[in-house]
Amino acid sequence: MDGPTCAGPQPFGEDAFSTFYDGVCAEVRALGIEQFRAEFDALDTDSERVSAVLRLESAGRLRLPTASRTGKSEQQTRSYLEMAMNCTDSSRKLVLCNTALQHCPAPAAGAAPSELHLAVLLNRLWTVYELGRFSSGLAEAQRLLEEPALAAAPVETRVQLLVERARFEAALAHRPAAEASVRQALQIVRQLERQQQAMYARELGTIRKRLTDAEPAQADSSAPGPPPAPRLFAGEHERLRRVSSAVELVTSERRGRHLVATTDIPPGSVVIADEPFAWSLHPPRWTTHCQHCCRPADCPLPCPNCASVLFCSEPCRSEALRLYHATECPVLDLLIDPNLGRMALLVFRVLARAGPEALERAEELDSESASDVYDSLAYEAVHGQVTNTADRPMGDVIKRCAVALYLTACLQRAGVGSAERRVAAAALALRHLQSCSCNAYEITELRLGGGGARLAEFEELGGAVYAAVSLTNHSCFPNVVRSSRGRGVTVTTTRPLRAGDELLDNYGFHFHEEEETARYAALRRQYQFHCECAACEQGWPLYAELADGAPPGAEQRAAVELLVLGRYAEAAARLAPVVAADGAGEPSAPPDKQAVQRQSLFIRCIQSTGNISVE
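Residues numbered from 1 in each chain as written. Predicted model: local features only at pLDDT ≥ 70, side-chain atom pairs only at ≥ 80, totals over all residues. Heavy atoms only, no water.

1. Quick notes on the pattern of salt bridges
Cut-off, in case you're wondering: The term salt bridge refers to a side-chain nitrogen of Lys or Arg lying within 4 Å of a carboxyl oxygen of Asp or Glu. Helix and strand labels come from DSSP, where a helix needs a run of H or I of at least four residues and a strand needs a run of E of at least two; each type is numbered from the N terminus. Note on exposure labels: buried denotes an accessible area under 20% of the residue type's maximum, exposed denotes more than 50%, and partly exposed covers the range between, all computed with a 1.4 Å probe on protein chains only.
Counting across every chain of the model gives 36 salt bridges. Of the charged contacts in the structure, one is a salt bridge between Arg285 and Glu459, with a shortest N-O distance of 2.9 Å. Residue Arg285 is found in the loop between strand 4 (278-281) and strand 5 (301-302), and its partner Glu459 is found in strand 8 (residues 457-465); the two are separated by 174 residues along the sequence. Using a relative accessible area of 16% as the deciding quantity, one classes Arg285 as buried. Residues Asp548 and Lys593 are paired through a salt bridge, measuring 3.5 Å at the closest nitrogen-oxygen approach. Remark: Lys593 occurs in helix 21 (residues 593-607) and Asp548 occurs in the loop between helix 18 (534-538) and helix 19 (554-564); sequence separation between them is 45 residues. For Asp548, a relative accessible area of 52% puts it in the exposed group. For Lys593, a relative accessible area of 17% puts it in the buried group. One salt-bridge network, held together by shared partners, links Arg124, Glu140, Arg143 and Glu147.

Written out as structure tokens, the structure is:
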């Protein structure tokens, strides 16, 4: 065995919330559940609900731990580095190296990295080379060579980095650059002891021979770069930021706020390209993905203060610290308690990004009329998302009140808010704990194995608040699909839309995969509504009971071949006219099996242009 698997940071305040919440529940039971329910259900505002929980004697016993475990530690660094050096699985070794770097104390400003720090960095470079992630390794070697602090490092360190850069350049067949790196290394290697000179001369000779033999470039398995920025169909709406001008926002008593096409829109058209107001990765991905852009990171940078998160680049690290991480950094390990639920960190980041002024403006935002411009990155759009409080059982709301009070205590520990504003802050947290439960979306990644995109499976990386996407309603037979791109998301049409058609997303329950009763229960439990789509109203059958339909045509077969070859955009383009021929609008009868297969294939083509990782 190579040691334990790294699964992200471990919670520290687990007992703190559980003890507090158990006390609240015990006191409610002692008072009489029905009596408390009668009084609690009569409350009108989140402030009143939070105050009702605060009046309980047990609410005064909320205590956060006096210290956290997010600090750096040489001992932890050495432990993870030792595990990495003894590990035989290169992928796992890279996770261990990144975890060691998370815990490694940062050098003082302008000081050279410690011997331990350099050992971690070099072991990571060697591991990246073993994995064939040559572009990532080259970028990291170049970054380290350009680091001003390394000017004070031992000469051998610079030689090692030049050798590593040359190895990556040679693997990528960057011959002139590799030759230049070899020459630079040879110029300074003479400053080393004779035995070291001989060792590095042999390594550089091996690289030179490869260059002389003109060996072809090796396959590069580095984490992919960002896909091209999506282009909105018909351009951006003048009043709906990150939404196509071919749709309009309308409101009705039955459907609430929703988006409707104002012109015919063909399948494969991007109608929303949204960015989140707040987002969070699930802890198991904190050692493999950038905390800020949510993309895979082979050679990430650590937070300078805590031992929890990593970033793919200095721009991502700086922006994260500015927007939210500086606030959460001292309390981050208190926010990943599984008893709090995954929504807690996301809501904390909503509040951190909104800032203290959100508390001052909360009542104002509740009463003021909507702005002429709907901007999904403005706090007003997030604040206006529905909470469905009236449809929630008392126990659900009480737990959210307890979580809200805990988050407020964490905010105060981080220096945001005050005891005098405790109720207002907790009420705002409660609002978002409710709204995010039915308005937040998952950030996903398509994990490709040996079977290619057709057999690939989605992994949920985290969650995000997309205020533009939340304007779409659900259907068990949707006409759009979401696709994650880093932390962002695109919404693309999967069927032709006519002017007047509503954009219909799917919240995870398709008519041909789940019985209507199961879909109804799941939607009611999480989203507090009853679906009225054609599939539910007409009782459409499951896939096995649908009509067969005509066999696949040449275009559909060609699309499958392109998908297998990884040419996803081409596959989608070949399939779009076939999907369009299936017709637009809300169907009066269920599609046949072949139509469902075409839809599924088209959706997979679209999703394959988003976040992808290769196993």
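2. Considerations on the sheet that holds strand 10 (residues 480-485)
Formally: Pairs of strands are assigned from DSSP output, requiring at least two bridges between the strands. A fitted line through C-alpha atoms serves as each axis, taken over the contacting stretch for helices, and the angle formed by two N-to-C directions is quoted from 0 to 180°. We call two residues in contact when some of their heavy atoms are within 4.5 Å.
Judged by pairing direction, the sheet is antiparallel, and its 3 strands sit side by side in the order 3-11-10 without closing on themselves. Among the strands making up the open sheet, the edge pair consists of strand 3 (270-274) and strand 10. Direction aside, neighbouring strands of the sheet carry axes that sit 20° apart on average. Pairing geometry for strand 10 and strand 11 (residues 488-493), over 6 bridges, is antiparallel. When the sheet's bridge partners are listed, Arg482 is paired in strand 11 with Val491. Sheet contacts for helix 21: strand 10 and strand 11; angle to strand 10, the most-contacted strand, approximately 25°.

These figures come from the coordinates and say nothing about function on their own.
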